[in-house]
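The lines below spell out each chain.
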Amino acid sequence: MVDLSIEYVTRVERGQKNISLKKLFAIADALDVDFCLLTDFK
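Residues numbered from 1 in each chain as written. Predicted model: local features only at pLDDT ≥ 70, side-chain atom pairs only at ≥ 80, totals over all residues. Heavy atoms only, no water.

**Student:** Can you lay out the overall build of the chain for me, pointing to particular residues and giving the numbers?
**Tutor:** Check the secondary structure of the chain and you find three helices and zero strands. Starting at the N terminus and walking to the C terminus, you meet the elements of the chain as α-α-α. By principal-axis analysis of the C-alpha atoms, the chain measures approximately 25 × 25 × 15 Å. Residue burial in the chain is summarised as follows: out of 42 residues, 10% are buried. With the model as given, the accessible surface of the chain reaches about 3700 Å², and the carbon-plus-sulfur share is 55%. Mean positive and mean negative side-chain charge positions of the chain (6 and 7 charges, respectively) differ by 10 Å. (Helix = DSSP H or I, 4+ residues; strand = E, 2+ residues; numbered from the N terminus. Buried < 20%, exposed > 50% of the residue type's maximum accessible area, 1.4 Å probe, protein only. Areas by Shrake-Rupley, 256 points an atom, 1.4 Å probe, with all protein chains shown as cover. Lys, Arg positive; Asp, Glu negative; His and termini not counted. Charge placed at Lys NZ, Arg CZ, Asp CG, Glu CD.)

**Student:** So what about a nonpolar patch on the surface? Which residues, and what values?
**Tutor:** The grouping of Leu31, Val33, Leu37 and Leu38 at the surface amounts to a nonpolar patch, some 350 Å² of accessible area in total. Tracing the sequence through the fold places Leu37 in helix α3 (residues 35-39). (Patch = residues over 30% accessible without salt bridge, like charges linked within 9 Å, V, L, I, M, F, W, Y side chains within 5 Å. Salt bridge = Lys/Arg side-chain N within 4 Å of Asp/Glu carboxyl O.)

**Student:** Report on the packing of aromatic side chains, specifying residues and quantitative values.
**Tutor:** Evaluated as defined, the whole model comprises one aromatic pair. The interplanar angle of 15 degrees and the centroid separation of 4.0 Å between the aromatic rings of Phe25 and Phe35 together place this pair among those described as stacked. Remark: Phe35 occurs in helix α3 and Phe25 occurs in helix α2 (residues 21-31); sequence separation between them is 10 residues. A residue is classified by how much of its surface remains accessible, and Phe25, at 41% relative accessible area, is partly exposed. (Phe/Tyr/Trp six-rings, centres within 6.5 Å; stacked < 30°, edge-to-face > 60°.)

These values are about where atoms sit, not about what they do.
Here's what the structure looks like:
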């Protein structure tokens, strides 16, 4: 739904790659959750 490869997501999860805010907002939209909930950002 967001068009991110498994390899890219894995690298982000392992801390090997930083993810952009644009991609984080796209993930939040795809999951239908508030961005702040997804990131635990206050």
